[in-house]
Amino acid sequence: MNRIFKIVMVLLSLSLSAVFADEAAAPVADSATTVATELKQEIALRDSVMQVQGNACSVEKDSLRAVIETEKAKSDNWEKSYNTVKKDNETCAQMLVTSIGMNEKKQEKEQEDRRAAAMATSSSFLGGVGIGLLIMWLIMK
């Protein structure tokens, strides 16, 4: 950019000097064409550099698009996996709650059965003792 500015300044100074000096018109025209040729070469070089950079940017852009698509596919797969694991976890949690509830009910029923058996045993024993005492009282009387 700085070179182009210098070239333009040289062209300006040469054109101004050509206006003030009629004798130097021929050398000024030669140097002006030389400067114009150099300017065209600089522009062509700049355009080729910009084209190479543009091609590199296009390749990088395509590469980044491919990476984004790959990451999006991974994200979708991870989301599906997460939802599956979440659903399985909820199912397991429900089954665990149901199982714990059934075990608690089973334990309560077993405790009630033990109490009922203990009551039946103690009632039977006390009934036997009571009958035994009654018989003994009848005999002793």
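The paragraphs below set out a description of the structure included in this document. (Residues numbered from 1 in each chain as written. Predicted model: local features only at pLDDT ≥ 70, side-chain atom pairs only at ≥ 80, totals over all residues. Heavy atoms only, no water.)

Counting its regular elements, the protein chain contains two helices and zero strands. A total of 141 residues make up the protein chain; the buried ones form 4% of that total. Of the roughly 12,400 Å² of accessible surface on the protein chain, 64% is carried by carbon and sulfur atoms. (Helix = DSSP H or I, 4+ residues; strand = E, 2+ residues; numbered from the N terminus. Buried < 20%, exposed > 50% of the residue type's maximum accessible area, 1.4 Å probe, protein only. Areas by Shrake-Rupley, 256 points an atom, 1.4 Å probe, with all protein chains shown as cover.)

Bringing a nonpolar patch on the surface into the picture now. On the surface, Ile131, Ile135, Met136, Ile139 and Met140 cluster together into a nonpolar patch covering about 580 Å² of accessible area. Assignment of secondary structure puts Ile131 in helix α2 (residues 25-140). (Patch = residues over 30% accessible without salt bridge, like charges linked within 9 Å, V, L, I, M, F, W, Y side chains within 5 Å. Salt bridge = Lys/Arg side-chain N within 4 Å of Asp/Glu carboxyl O.)

The next thing to look at is the pattern of salt bridges. Counted under the stated rule, the structure contains two salt bridges. For Asp47, the salt bridge goes to Arg46, with nearest N and O atoms at 3.0 Å. Between Glu71 and Lys74 there is a salt bridge whose closest N-O contact spans 3.7 Å. Taken together, the residues Glu71 and Lys74, both in helix α2 and three residues apart, mark about one turn of the helix. Taking the relative accessible area as the measure of exposure, Glu71 reaches 39% and is therefore partly exposed.

Moving on, we come to a negative patch on the surface. Taken together, Glu104, Glu108, Glu110, Glu112 and Asp113 make up a surface patch of like negative charges. Structurally, Glu104 can be placed in helix α2. In this structure Glu104 comes out as partly exposed when scored by relative accessible area, which is 45%. (Lys, Arg positive; Asp, Glu negative; His and termini not counted. Charge placed at Lys NZ, Arg CZ, Asp CG, Glu CD.)

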